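What follows is the residue order along each chain.
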There are 4 protein chains.
Amino acid sequence: MSNTFGQLFRITTWGESHGVAIGVVIDGCPAGLELSEDDIQRELDRRRPGQSKIASPRKERDRAEILSGVFEGVTLGTPISIIVRNEDARPVHYEELKDVYRPGHADYTWEAKYGARDWRGGGRASARETVGRVAAGAIARKILERVGVEIVGFVKQVENSLISANIVKTLENAIALRKEVESSIVRCPDKKVSDQIIKLIERARKDGDSVGGIVEVVAVGVPAGLGEPVFDKLSADLMKALGSIPAVKGVEIGSGFACAAMRGSEHNDTFQKFSPPYEGGVRGGLVTETNNAGGILGGISNGMPIVARIAIKPPSSISREQRSVDKSGNPRTIRVGGRHDPCVVPRAVPIAEAMMALTLADHWLRARVSKVD
Amino acid sequence: MSNTFGQLFRITTWGESHGVAIGVVIDGCPAGLELSEDDIQRELDRRRPGQSKIASPRKERDRAEILSGVFEGVTLGTPISIIVRNEDARPVHYEELKDVYRPGHADYTWEAKYGARDWRGGGRASARETVGRVAAGAIARKILERVGVEIVGFVKQVENSLISANIVKTLENAIALRKEVESSIVRCPDKKVSDQIIKLIERARKDGDSVGGIVEVVAVGVPAGLGEPVFDKLSADLMKALGSIPAVKGVEIGSGFACAAMRGSEHNDTFQKFSPPYEGGVRGGLVTETNNAGGILGGISNGMPIVARIAIKPPSSISREQRSVDKSGNPRTIRVGGRHDPCVVPRAVPIAEAMMALTLADHWLRARVSKVD
Amino acid sequence: MSNTFGQLFRITTWGESHGVAIGVVIDGCPAGLELSEDDIQRELDRRRPGQSKIASPRKERDRAEILSGVFEGVTLGTPISIIVRNEDARPVHYEELKDVYRPGHADYTWEAKYGARDWRGGGRASARETVGRVAAGAIARKILERVGVEIVGFVKQVENSLISANIVKTLENAIALRKEVESSIVRCPDKKVSDQIIKLIERARKDGDSVGGIVEVVAVGVPAGLGEPVFDKLSADLMKALGSIPAVKGVEIGSGFACAAMRGSEHNDTFQKFSPPYEGGVRGGLVTETNNAGGILGGISNGMPIVARIAIKPPSSISREQRSVDKSGNPRTIRVGGRHDPCVVPRAVPIAEAMMALTLADHWLRARVSKVD
Amino acid sequence: MSNTFGQLFRITTWGESHGVAIGVVIDGCPAGLELSEDDIQRELDRRRPGQSKIASPRKERDRAEILSGVFEGVTLGTPISIIVRNEDARPVHYEELKDVYRPGHADYTWEAKYGARDWRGGGRASARETVGRVAAGAIARKILERVGVEIVGFVKQVENSLISANIVKTLENAIALRKEVESSIVRCPDKKVSDQIIKLIERARKDGDSVGGIVEVVAVGVPAGLGEPVFDKLSADLMKALGSIPAVKGVEIGSGFACAAMRGSEHNDTFQKFSPPYEGGVRGGLVTETNNAGGILGGISNGMPIVARIAIKPPSSISREQRSVDKSGNPRTIRVGGRHDPCVVPRAVPIAEAMMALTLADHWLRARVSKVD
């Protein structure tokens, strides 16, 4: 169950980073949806490393092949199996560290749980596992786009450089922003902040170090009424979905942690019948003047943009020397070689969008059974 | 599914705040555990309002009755059904607002989802729903205590007053801290901060307003190896568990959002064979010098204290005048009457502990099937 | 999970036969359904023992109380909790056998699984557990009746006395048959067979023995398109649903075991555009001349009546002397005292109907998410 | 969810009969199990058609490739993805019937559910779907063999020719029987009945017709204590597992439908401390003199051989002329061409064994969490 996400739009991912292949099976995609391999490839290409000077030079072509569930260009209602062969696998880089517990990595915990581990590049603990999420997310996104939902994510912060404003407000604005995001090699739509971030990442790389950051992901056009009121709140499911992305240490919705210092009179979003700045992204007739709720009240969407943020830790694989211990508990001094990103925040953007899309598609289906006709 | 939490230690809660009763069914509690109604009552008493001068004066005796699953003082392995009758129900307070959407509440979203709602005190959207969680959490806690796990939560911040240090480190320290927490009427173990918080809450009440805050909850003595590596990461499941508590807008583990501004060399926790400050709370032989990971690496526990924090918004029910709209979209000016807490952060402590306990008990059972013998 | 049935219309039952109470929580009932305690009581009254001279003289009033999920006579979309207090509990009957494994009962297997058991009347292994199923089934039935589905069950065979014809064919015929069924104290709508069965049961009682039989349950008016094609075939889910009723040793659909001796040319049901004998019970435009399929092709309903049969073993509690062993493996000669039915086949009818209703209601909801709009 | 089976040992199958490939993902296989592609190939080879003169001459090499979850010959605890490429795909055979509803097939019901269907060889409704089940079943079997469980299935009946005795009683006997089964081209271990069956099948083929039959599958060496007492009874889960195999119309356990005509004194299996004919296949210390229970009491295994039988309808694809209707409801006369088995009963044997193995492996894991230590 560990490898399955979703109740009705349900995905199961599989694969180790240096095994034969990785993939995903999507069960519960409704019949009748147009779908091609290009739809999936587009998102996989965004996730892939090696796309710019600031990222890892690994080459992963990541060609998605659809093996089932689609016939004559349309989904059948049967499971959609997608496979991506692993290509640029060089386990030799990892062999020397196979008896050492790398700090910040899952080496030690994995052995505690399973008794052994695939030490080749982290095995299934590698972020390469997210290929399956992104492939499935591309399908979820197609379902949502049919009903007018747009999802856009971007880098909000890296180290101490950040965008402070709320910049996604309407459907039109979300679509436009997506282009700006993709035109920045660090996926930051604010040109000035983008330039700062590029410099911060380059400095970290020179230092043999790495940096963390924050991704914001917003869904605009979500109908009111999605989410379940108790455990499967839309907010709680998003927290799990986004919190399950490798390296995430925190998740917040709307006002997030800032709410702790606020008063109710300030935090409550006032309802209105109509509110120009938001109209493009609103469903259901009412809007709120502010959006501290982040589009979710009592666990259910209210039609306003759904706003989530995730904190991503600095990558644990750094080239500078670190102390650790080996399997016998002996102290060891290590350097984690290989080709690692000094900052994974930009690459987390399409993954966060995918997890948002998967969560919303699932709740969109679940909302179909909440009332008698 | 909305009302069920957990895979193997699985609870289903039910009940509206002003209905006949509320309750919970626990399915999957192993046979052979000693259990009495007192075990449950103890935790329910901590959750109950009306316990101090700063809290709501509502009287909810909340007597738990075990209806099944226990025979001769020991669990049978069958579902444990627990019921709490609702007593102090005065729906008249709510009748005048039944056609208005209260800002910050789930009135509007509930109607968008279900077509109608129980307007009596929020119905199932009321935080009274958490009675079932706390009752079930008391059982989860008993399972965990058998294997040496202690859970302690406390108020870390209200408005701008906060405890900044990491104060839970060892098993002994956690047990001791629990007493200090309970001796503060706002569940803040730092006497000075506790006094400040009491003042802040009283001021908010006088202003007809409310305040938010942060709860930290820590589990000490958790064995290494709990959690699943992909979607059901222990961290992700905790985020969902804690994020499903009413009014929570953010969840973080270990370093949390602070990781965004950190570098890898600083964030990576160095492994050691032995580390005195942590020994009481550590399982599995290795410790780390720091605990930015919050006890979880790659989604699996590493034996260090598990540290989580939740941000709780200021209560939406405030007595000062607010603008809103009614069901027809007409503007209305409202005052939310009744007896409401100006700050729910202290009452969230036992609920957060319960959700932590439920998540850990579930993963403790799940860890039993991860390896062949 | 053992105590939960269904994916979207999901019930969790709880309670031991001689505990405080038994009950059920229904999660996933759509909002907006009219529901009263009478709807549930009507079905519980059919399940209750002590209704005729041939049944156990135990008195179980079995008053159902709805504790949540219904507001102003309509379902809220929240969990519906139903409780029935246990009344006529006389554990003294069981005390003398608490160290002996009664033949045919779950005493031994329960201890093998859980290490201990509630020996009072079988505890949760008692057929009294089905109270929760029947209560939940009454709600499932209301959902189905809104869309024109009628379910009728009856006793087809007891010992060697049986009805051989296929007697349920149309909606009108099903509704009419239900009355005939209820007018027979053994729920057999064929007067002659009913009289034979009454005699067989009385003879078995006189002999201190018991008899088995077969129940047939038919759903008429089921739309084509319900069921999932692989594991969750409507047929497979019905087999599990009906097969989980205590004492059931076999389940068959349509032609059932008779298909083994048939040829394809004989077994294939020919499609037609219209076929008078079936029109009342058919949905979807096509009918088949025969109904060997029992209304299900490839796991999905075809609009024809769904026909299932279950074989029910003779009750294991018989008053004549039997050999067995006690917990230490010593031979013992026992008589199972108390008030036991020599034949439970008639009482299985409302239970089988409930399980059919629960399965169909679940798949009716699931069918809502199989296609894009 | 339709395509997933199991709670803890959980498989998800995918693939259409004439698509690119078919496969299965196994999630929940414990780490540390030795596993090779040969283990899987062995069972797939038994399922494959074209193995004898009486079966379909289709050529399906069905080479299984393990893509993940196994490292250095041992399972990792991660999902095991297995793929089998489709080779002998000739959709042209099916094109002429793509607008007609073949009697006995899922053409019509599939369209009712999904709005369209993959008409190439039944698509996912084809029995080729069972490749994934058999591959996964081979792994389940390895888990069970480690703890001494042997599963053997055989053809008990075809048309009116049958084996009437109970022939599997001990572990040794089960292992021996398996060889006899495999030495018969119709998987019937009774030489005389085997010869009769071969003749019956050849006669049916000559007649352009098909025949049904019964498969019995027995598990010997199953420990007492597997199964859950209410909905997830081992018997009920087996009924669903076996009942989900294509073409199955009935399932029975132990005495099965014969119980209907029995009396309690005859049906109750007497407990004994020791009983020679069964000792090899018994776990847990007690045995019963007879085995009407089929190894399951109250839904939980009692240590005796688990005995199940399934009724398999005659294949719907017959070469003789049949009447049907097309999508517009017009009458059509059809002949189902292609290469079809006149009897699928022998090929159902490894599939039934696989479903038995999957169910037992799942419950074997589930039994690990039933008690506190």
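Chains are numbered independently. Their residues run from 1 in the order of the written sequence. Throughout, the order in which chains and ligands are written sets their labels, letters from A for the former and numbers from 1 for the latter. Side-chain atom pairs in this predicted model are given and counted only at pLDDT of 80 or more, local residue features only at pLDDT of at least 70, and totals for whole chains, interfaces and linings cover all residues.

Here's the deal with the overall build of chain A
The test is simple: Put simply, DSSP H or I for four residues or longer makes a helix, DSSP E for two residues or longer makes a strand, and each gets a number counted from the N terminus. What the globule rule says is 2.2 Å times the number of residues to the power 0.38, and the radius of gyration is computed from C-alpha atoms. Partly exposed residues are those whose C-beta has more than 12 but fewer than 20 other C-beta atoms within 10 Å; with 20 or more the residue is buried, with 12 or fewer it is exposed, and the C-beta atoms are placed from the backbone. A pair of residues counts as a contact when their C-beta atoms, built from backbone coordinates, are within 7 Å of each other.
A tally of helices and strands in chain A yields nine helices and 18 strands. For a compact globule of 373 residues, the expected C-alpha radius of gyration is about 21 Å, and chain A comes in at 21 Å, within 12% of that figure. C-alpha extents for chain A along the principal axes are approximately 65 × 50 × 35 Å. Per-residue burial over chain A gives 69% buried out of 373 residues. For chain A, the share of sequence-separated contacts (at least 6 apart) that also reach a separation of at least 24 residues comes to 72%.

Focus: the interface of chain B and chain C
Just so we agree on the cut-off: For this classification, the nonpolar set comprises Ala, Val, Leu, Ile, Met, Phe, Trp, Tyr, Cys and Pro, the charged set comprises Asp, Glu, Lys and Arg, and every other residue, Gly included, is treated as polar.
Between chain B and chain C, the residue contacts involve 33 residues of the former and 34 residues of the latter. Elements that contribute at least two residues to the side of chain B that touches chain C include exactly β2 (10-15) and β3 (21-27) of chain B. Residues of the side of chain B that touches chain C, tallied by class, amount to 12 nonpolar, 16 polar and five charged.

Considerations on the relation of the copies chain B and chain C
Heads up, the condition is: Least squares is the method for superposing the copies, and the C-alpha atoms it fits come from residues with pLDDT of at least 70 in both.
Expressed as a screw operation, the relation of chain B to chain C combines 0.0 Å of axial shift with a rotation of 180 degrees, fitting to an RMSD of 0.0 Å. With respect to symmetry, the two chain copies, as superposed, fit the operation of a two-fold axis. Of all interface residues in chain B, 100% are interface residues in chain C too; the two copies therefore contact each other through one and the same surface.

Section: the UniProt feature "binding site: FMN" (unreviewed entry) in chain A
We count it as follows: UniProt positions are given in the numbering used here, feature names are shortened, and annotations may be inferred rather than shown by experiment.
Sites flagged by UniProt as "binding site: FMN" (unreviewed entry) map to Arg124, Ala125, Ser126, Gly298, Lys313, Pro314, Pro315, Ser316, Ser317 and Arg339 of chain A. Judged by maximum C-alpha separation, these annotated positions cover 216 residues in sequence and are scattered in space, the widest gap reaching 44.2 Å. Along the chain, arginine 124 of chain A turns up in the loop between α3 (107-114) and α4 (130-146). Judged by local crowding, arginine 124 of chain A falls into the buried class, with 29 C-beta atoms found within 10 Å. Apart from residues lying up to four places away in sequence, glycine 298 of chain A is in contact with Pro229 of chain A together with His105, Ala106, Thr109, Trp110 and Ala125 of chain B.

Structural notes on the sheet that holds strand β3 (residues 21-27) of chain A
In a beta sheet, neighbouring strands are held together by backbone hydrogen bonds and run either parallel or antiparallel to one another. Residue and element names in this part refer to chain A. Spelled out, the test is: What makes two strands pair is DSSP finding at least two bridges between them.
Across the sheet, which stays open at both edges, the five strands sit in the order β1-β2-β3-β7-β4 with antiparallel pairing between neighbours. Sheet topology places β1 (4-5) and β4 (64-66) at the edges, where each strand pairs with a single neighbour. Pairing analysis gives six bridges linking β3 to strand β7 (residues 80-85), with the strands arranged antiparallel. Bridge pairing links valine 24 to isoleucine 82 in β7.

Considering the pairing of strand β16 (residues 306-312) of chain C
Residues and elements named next belong to chain C. Taken across its seven residues, β16 has seven buried, putting it largely inside the fold. Alternating positions in β16 separate into two faces, Ile306, Ala308, Ile310 and Ile312 on one and Val307, Arg309 and Ala311 on the other, with burial throughout. Note that strand β10 (residues 213-220) and β16 share seven bridges and pair antiparallel. The residue bridging glutamate 216 from the neighbouring strand is arginine 309, located in β16. Pairing of strand β11 (residues 248-253) with β16, which is carried by five bridges, proceeds in the antiparallel orientation.

So, the sheet that holds strand β8 (residues 150-158) of chain D
What counts here: Note on geometry: axes are lines fitted to C-alpha atoms, helical ones only across the stretch in contact, with angles between N-to-C directions running from 0 to 180 degrees.
Pairing is antiparallel in the open sheet, where 10 strands are placed in the order β9(C)-β8(C)-β10(C)-β16(C)-β11(C)-β11(D)-β16(D)-β10(D)-β8(D)-β9(D). Among the strands making up the open sheet, the edge pair consists of β9 (161-162) of chain C together with β9 (161-162) of chain D. Most of the contacts of helix α5 (residues 171-183) of chain D go to β8 of chain D, to which it runs at about 50 degrees, and overall it touches β8 and β10 (213-220) of chain D.

Brief notes about the relation of the copies chain C and chain D
With an RMSD of 0.0 Å, the operation that places chain C on chain D is a rotation of 180 degrees combined with a shift of 0.0 Å along the axis. Both copies share a contact surface, since 100% of the interface residues of chain C are interface residues in chain D too.

Focus: the interface of chain C and chain D
Counting from both sides, the interface comprises 94 residues of chain C and, opposite them, 94 residues of chain D. When its residues are assigned to classes, the side of chain C that touches chain D shows 37 nonpolar, 38 polar and 19 charged.

Re the packing of helix α1 (residues 37-47) of chain C against helix α9 (residues 345-366) of chain C
All names here are of chain C. Heads up, the rule is: The cut-offs work like this: below 35 degrees is roughly parallel, past 145 is roughly antiparallel, 65 to 115 is roughly perpendicular, and the gaps in between are oblique.
Between α1 and α9, the shortest axis-to-axis distance is 7 Å and the interhelical angle comes to 140 degrees. Classified by the angle between their axes, α1 and α9 sit oblique to one another. Contact residues: Glu43, Arg46 and Arg47 in α1; Arg347, Pro350, Ile351 and Ala354 in α9. By residue class, the composition of the contact of α1 with α9 is three nonpolar, no polar and four charged.

Focus on the confidence of the model for chain A
Detailed reading of the predicted coordinates is not advisable wherever pLDDT is low. Defined as follows: A residue's pLDDT is simply how confident the predictor is in it, with values from 0 to 100.
For chain A, the mean per-residue pLDDT works out to 92, and 92% of the residues sit at or above 70. Across the whole predicted complex the pTM is 0.96, and at the interface the ipTM reaches 0.95.

Topic: the environment of aspartate 362 of chain D
All names here are of chain D. With respect to the helices, strands and loops of the structure, aspartate 362 is situated in helix α9 (residues 345-366). Taking the C-alpha atoms as reference points, aspartate 362 and leucine 35, 327 residues apart in sequence, are found 18 Å from one another. The contacts of aspartate 362, once residues within four sequence positions are left out, are Gly6, Gln7, Leu8 and Phe9.

Observations concerning the packing of helix α1 (residues 37-47) of chain A against α4 of chain A
Residue and element names in this part refer to chain A. Spelled out, the test is: It is the rotation of the near helix from the far one that decides the hand of a crossing: anticlockwise by less than a right angle makes it left-handed, clockwise makes it right-handed.
It is the contact of α1 with α4, at a shortest axis distance of 8 Å, that shows an interaxial angle of 135 degrees. Our classification of the angle between α1 and α4 gives oblique. Note on packing geometry: the crossing formed by α1 with α4 is right-handed. In contact with Asp39, Ile40, Arg42, Glu43, Leu44 and Arg47 of α1, α4 contributes Thr130, Val131, Val134, Ala135, Gly137, Ala138 and Lys142. When the residues that make up the contact of α1 with α4 are grouped by side-chain class, the tally is six nonpolar, two polar and five charged.

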